[in-house]
Amino acid sequence: MSHHGTEGHADADRRGDATGGGAGALAVLELLSRQAPPERFAELVDQARESGMPEDELADLDRAVHLAIGVVHTLARHERREAGLDALTDTARDLTLSYGLEDLLRSVVRRARRLLDLDLVCLSLSGPAAQGVRVVHASEGAISPLDPAGLAAALDEDGLGGLVHTHGEPVWTEDYLQDRRFAHTAALDAFVRNEGLRAVLAVPLRLGGAVVGVLYGVDRCARRSTSGEIGLLTALADLAAVAAGRAGLLDRTRAEVTELERDSSRARTALTRMRYIGEAHGRIMDLILAGGDLGHVAKAAGDALDAGVEIRDPGGRVLAAAGEIDGLDGFDEGAVAKAALDAHASRRPARAHTPGAPGDPCFPGFPSTPEGSEVPEAPDAPGSEGEGAGEDSGGHRTWVAPVIAGSEDLGVLVVRAATPLTGEDVRLLELAAQSVALLLLMQRSTAVAEGPVRDELLDDLLAEPRHAPGQIDQRARRLGLDLRRPHVVVVARPEGGEPGRAVVWASSYAYRMSGLKTVQGGSVVLLLPGTDASAAARAVSGELGPLLGHPVSVGAAGPGWSVDSVPRLHQEALRCLDAMSALGGTGTAASADDLGFLGLLLSDDHDVDGFIESAIGPVLEYDAERFTDLIRTLEAYFASGGSPTNAAEELHVHPNTVSRRLERIGELLGVEWQKPGQVLEVQLALRLQRTRDILARRRATTADPRSPAPVAGGAGPLPGV
């Protein structure tokens, strides 16, 4: 309450005191109008008593003073109530503004301290409004630094705060340390003692029927809290609770908005990826419908996945590839094979892992190849993306997708990505594998449809008498074949079972390899582009044998470079097949070249030069370049029964010389040149070479009779072959 008064007023009071009772009442009204403090009214009574005012008038003056003091207190309460209402109004208005929670709580504490004339005010929050942690969010009036978390725990769990949380009602005490109605703790009592605190008023912050905090008003003097003070502090606490609730709602709303934005971003990303997948799949299908081959499909899939791609048949042979599958040669092919088994079993793409790499579960929803200890993503494995050996070796980026049509295994799609595949990438891989399966089925259907025409062409190539080469060549060109390019003939004879599956497979295989196929005498005949007959025989055996489930004998011959060479190669392949059967080689694959000197005997053109070159060519070339005679040393060595000493006597040289020459021969022919199989071919080649030299000299002598007679041993009787 404001203090007013001057010396002039005091003189007027004294003048009034000298008058009678009416003048005293007037003096009381003057003090009341000037809002004088209560002690001024007491002075007025004292002055009247000292001036000898009659008792009845003094009693009236005392009564008037008592009433005036009551009016003063009433006005003071009204002022406080008005100030409290103003503070509540201001606080409520603040709630409508964009203040943060901390600012609002500090404003509540500051107003409570000013309105109630308190020494210390603090506010603690707990529960959802404070994310489950009790913390003093605002305080004013403390002398020593506060520990927000520690003080909140002490205030709320013990003492008055504990009662407020338990009962949900205001609690107060005139002198905290002397009040034994509640439990005391050393920590809280020490804080109260250090701060010199006595009177404490604690009111709850209620939110939805739950107590979410406590507002404390503390005085350093003992005082009794009035109902008005309790009501005002409770009202401020309610507003603080509203602020805390609004802040919590705002935080939750922001979190939900943030999560919705993330969901929206993920959805947009997923839609973008799905649109990309659809477009990529559409491009692959357009390629297939436009007549593209497996190579085009592999390249399109590799571009879409940013990966190297291999399309493999059921036997593991690469049918087409695109991009670089870095390090796959060093990567454990066993892991790829195991992933292929998992992929076919689950009919979905599977990730290949390096054995022994740490690991975590594969992509959710897709099978994982168990490893020696899985990769943790293999790390990631990604280092996690977990990372470990698996990621470094490419296992975390290598996927295998099954190429299947119904229950039929058509092969696999092996992918090595530049980065780990996402779920959408794996879906695209699955669609690419389906596209490959569709293309293979289309090729098979095309092969079946063109089969009679292609079979007829190969039948005509093998027929006797032969058709006009020009017409045959034109027909081949219409089918996309150039018989002037190198080609080989492969004859495959299933050893048991029905030939139907072999014939169907052969049609697809010939079409895939840009070759021709027919069936003669229960055997499949293939005309395939290439120069390596042995490799072609092994490829046919490796793919057809597992498909039929029983042995397949395969003979091959070639290469040839013309239409006329096809019948000859066919006959050589048949003789090779018969020789294999006669030698107990049923179920194996070989070419005429693989049979060594037997191939020479079976061949129509009897390529003696080629046989000699393959057996002893390096030695002949060494002699020609260095004017040595290693060939004669070989002949002497074999003629002496493999004895270097006897050969030295025959050659008139020291045995060490023969030994050194034999070491040189070993370097030229290989360390296994003295093994029985190779020794036989070397000896046969030596005899053929000797016979050819003798015949050449005889032809020279016959052509020129004046030539000198051959030297001894130069053109004697032909060596037995």
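Residues numbered from 1 in each chain as written. Predicted model: local features only at pLDDT ≥ 70, side-chain atom pairs only at ≥ 80, totals over all residues. Heavy atoms only, no water.

Some words on the sheet that holds strand S10 (residues 408-417)
Note the threshold: DSSP-based pairing: two strands are paired if at least 2 bridges between them are found. Secondary structure is summarised from DSSP: a helix means a run of H or I of at least four residues, a strand means a run of E of at least two, and numbering begins at the N terminus for each.
One open sheet holds the five strands; their spatial order is S7-S6-S10-S9-S8, and the pairing between them is antiparallel. Each edge of the sheet is formed by a strand with only one pairing partner; in this case those strands are strand S7 (318-322) and strand S8 (350-351). Of the pairings in the sheet, the one linking S8 to strand S9 (residues 398-405) comprises two bridges and is antiparallel in character. Bridging from a neighbouring strand, Arg351 pairs with Trp399 of S9.

Focus on the sheet that holds strand S15 (residues 589-591)
What counts is decided by this rule: In this analysis an axis means a line fitted to C-alpha atoms, helices contributing only their contacting stretch, and an angle means the value between N-to-C directions, from 0 to 180 degrees. Only heavy atoms enter the contact rule, under which two residues are in contact if any of them lie within 4.5 Å.
An order of S12-S13-S11-S14-S15 is seen for the five strands of this open sheet, with the pairing classed as mixed. Both outer strands of the open sheet, strand S12 (516-520) and S15, are each paired with one neighbouring strand and no more. On average, adjacent strands in this sheet sit at an angle of 20 degrees to one another, irrespective of strand direction. Sheet topology places strand S14 (residues 552-560) next to S15; three bridges connect them, and they run parallel. Across the sheet, Gly555 pairs through a bridge with Ala590, a residue of S15. Along the sheet, helix H16 (residues 500-512) makes contact with strand S11 (487-494), S12 and strand S13 (523-529), crossing S13 at roughly 5 degrees. In the packing of helix H17 (residues 533-548) onto the sheet, the strands contacted are S11, S13, S14 and S15, and the crossing angle to S14 comes to about 155 degrees.

Notes on helix H3 (residues 38-50)
Selection criterion: Given a helix with a known number of residues, its expected span is that number minus one, times 1.5 Å. When a residue's accessible area, from a 1.4 Å probe over protein chains only, is under 20% of the maximum for its type it is buried; when over 50% it is exposed; and in between it is partly exposed. This arc is taken over the directions from the axis of the helix to the C-beta atoms.
The end-to-end C-alpha distance of H3 is 19 Å, a good match for the 18 Å that 13 residues give at a rise of 1.5 Å each. Considered for burial, the residues of H3 that qualify are Arg40, Phe41, Leu44, Val45 and Ala48. Take H3 and look down its axis: the buried residues cluster within an arc of 145 degrees, on one side only. Two residues or fewer after H3 comes Gly52, characterised by a positive phi angle close to 80 degrees.

Considerations on the environment of Arg493
Take Arg493: it is sitting in strand S11. Each C-alpha atom, one on Arg493 and one on Leu577, is 8.5 Å from the other, the two residues being 84 residues apart in sequence. Here Arg493 is in contact with Ser523, Val552, Ser553, Leu577, Asp578 and Ser581, once residues within four sequence places are set aside.

So, unusual backbone geometry
Each neighbour pair has its own omega, and for Gly558 with Pro559 the value is 10 degrees, a cis peptide bond. Mapped onto the fold, Pro559 is located in strand S14. One non-glycine residue, Asp117, adopts positive backbone phi at about 55 degrees. Tracing the backbone through its elements, the reader meets Asp117 in the loop between helix H5 (101-116) and strand S1 (120-125).

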